[in-house]
Amino acid sequence: MPELPEVEAGRRLLHTHCVGFKIVNAEALEDEKVIEGCSHSELEASLLYAKLLQVHRRGKHLWFETDCKPWPLFHFGMTGGFVVRGEGAVEYKSTNKDFDTWPPRFYKLLLEFDNGKQVAFTDPRRFARIRLRDDPLQSSPILELGPDPMHAMPLLEDFDSRIQRRQATVKSVLLDQSFIAGIGNWIADEVLYQAAVHPSTVASNLTSAQVEEIWKKITEVISLAVEVGARKSKFPDSWLFHHRWGKVAGEVGGHPIEFLTVGGRTTAIVPAVQRMIKFEAILKPCKGINSAKPSLTKVKSEVVTKEFKTCKSTKLKASKVDVSIKAETPEVDSTGLQKRKRTSKTAKQLQSSPSPDDILPKVENKIETRRQSSRLKTISK
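Residues numbered from 1 in each chain as written. Predicted model: local features only at pLDDT ≥ 70, side-chain atom pairs only at ≥ 80, totals over all residues. Heavy atoms only, no water.

## Some words on the sheet that holds strand β5 (residues 81-84)
- Ordered by their spatial adjacency, five strands build an open sheet running β1-β7-β8-β5-β6, and the pairing between neighbours is antiparallel. Edge positions in the sheet fall to β1 (23-28) and β6 (88-89), since each has one partner strand and no second.
- Both β5 and β6 contribute to a ladder of two bridges, which runs antiparallel. Across the sheet, Val83 pairs through a bridge with Ala89, a residue of β6.
- Packed on one face of the sheet, helix α1 (residues 4-17) meets β5, β6 and β8 (118-122) and runs near 30° to β5.
- Packed on one face of the sheet, helix α2 (residues 40-47) meets β1 and β7 (107-113) and runs near 170° to β1. (Pairing = 2+ DSSP bridges. Helix = DSSP H or I, 4+ residues; strand = E, 2+ residues; numbered from the N terminus. Contact = heavy atoms within 4.5 Å. Axes fitted to C-alpha atoms, helices over the stretch in contact; angles between N-to-C directions.)

Pasting the structure below:
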């Protein structure tokens, strides 16, 4: 599927050979699925004798700016793209275009410019869309798009703030065009592989370090792919891109690749690199600190392995678990002595429990108070 680098390569192809020239012939096929919101004859009339002033792109959308409105707006879908006769076209990993036959198979629109260049928009699978818009930037679907990572990548602080508010998996968030425009399936997989983040991780559970890695890799992957004209043969050999197609088991960097479904999309992962981190944790109570009360909290990976010392003989330790949140509740055995039994609490039962944000600071304050008290006693001796 064409993503930001492929669409940008198509834009540059048209800019190089067609901008500044007039369209002297336009032929659109009658296809109500691809040509949306207008007839094929209306599309032809909007383009005939129009001068192409500029070709614009936002995310995976591309549109012409001509000397008369409305302007054609293109979304490439799964297999759509432009071919310039004698100059070639952008190659996609999953499809092969016939550059020699003219007009090419599966064309939906043919244009001829007064410099002699001929252009075709093709789409074998018919998931592409061609629309007419008076002002694409202020119209749907461009108006609903998020920032373009090539032209307006958010600052790290803003990116972190936005992604931490999302409760979906991180891959689903990256594929959401209202979050970032232009990322598709292969870029999302590549970014998460290079950032060593499991695609099923809930976005709000990402650590600051993980968010920063994702932010960096989005820019790096897209910039390099655009720089080489989206030519797959120019992508680094170390990229997952070369090994992720067709659900064929393989290896990258000496590690096996597995396939799963995340957010309804086939996803390639490298389990040895992209490990799933569990973020729920139990804080075990120790003697002298509300030992008879349940102790519950939910922490991120920065504190999952952190130990809290409370006295010489006991420790308060956060440990990772992959089951429902548990609490410790007191129970009296047959001898009358108090013992503890682990019981699972449902989400509904936990609603009345203190929030994690309230519990953890209180525990830490008590620990620190005991440490200071211990130090003072040592000094006084």
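## A few points about the confidence of the model for the protein
- Counting all residues, the mean pLDDT for the protein is 82, and 71% of those residues have values of 70 or more.
- Note that pLDDT drops below 50 for residues 280-348; the model gives that stretch 130 contacts with residues more than four away or on any other chain. (pLDDT = per-residue confidence, 0-100.)

## Focus on the nonpolar core
- Residues Leu14, Leu62, Phe64, Phe74, Phe82 and Leu111 are the most contacted members of the largest nonpolar core, which totals 33 residues.
- No other element matches α1, which puts four residues into this core.
- Beyond its immediate stretch of four places on either side in the chain, Leu62 contacts Val7, Gly10, Arg11, Leu14, Val55, His56, Arg57, Pro72, Leu73, Phe74, Phe76 and Phe82.
- Of all hydrophobic cores here, the second largest spans 31 residues; its members include Ile183, Trp186, Ala188 and Ile222. (Core = buried A, V, L, I, M, F, W, Y, C linked by side-chain atoms within 4.5 Å. Buried < 20%, exposed > 50% of the residue type's maximum accessible area, 1.4 Å probe, protein only.)

## Brief notes about the sheet that holds strand β2 (residues 52-58)
- In space, the four strands of this open sheet follow the order β2-β3-β4-β9, with antiparallel pairing throughout. Every interior strand has two partners, whereas the edge strands, β2 and β9 (129-133), have only one. When the angles between neighbouring strand axes are averaged without regard to direction, this sheet yields 20°.
- Across five bridges, strand β4 (residues 71-75) lies against β9 in antiparallel orientation. Among the inter-strand pairings, Phe74 is bridged to a residue of β9, identified as Ile130.
- Contacting β2 and β3 (61-66), α1 runs over the sheet at an angle of about 175° to β2.
- Where α2 meets the sheet, it contacts β3, β4 and β9, and its direction lies at approximately 60° from that of β9.

## Digging into the pairing of β5
- The two faces of β5 match: Gly81 and Val83 on one face and Phe82 and Val84 on the other face are all buried.
- Two strands pair when backbone bridges link them, and β5 and β8 are joined in this way by four bridges, in the antiparallel orientation. By the bridge assignment, Val83 is partnered in β8 with Ala120.
- Where β5 folds back on β6, the antiparallel hairpin that results is connected by three residues, among which Gly86 adopts a positive phi of roughly 85°.

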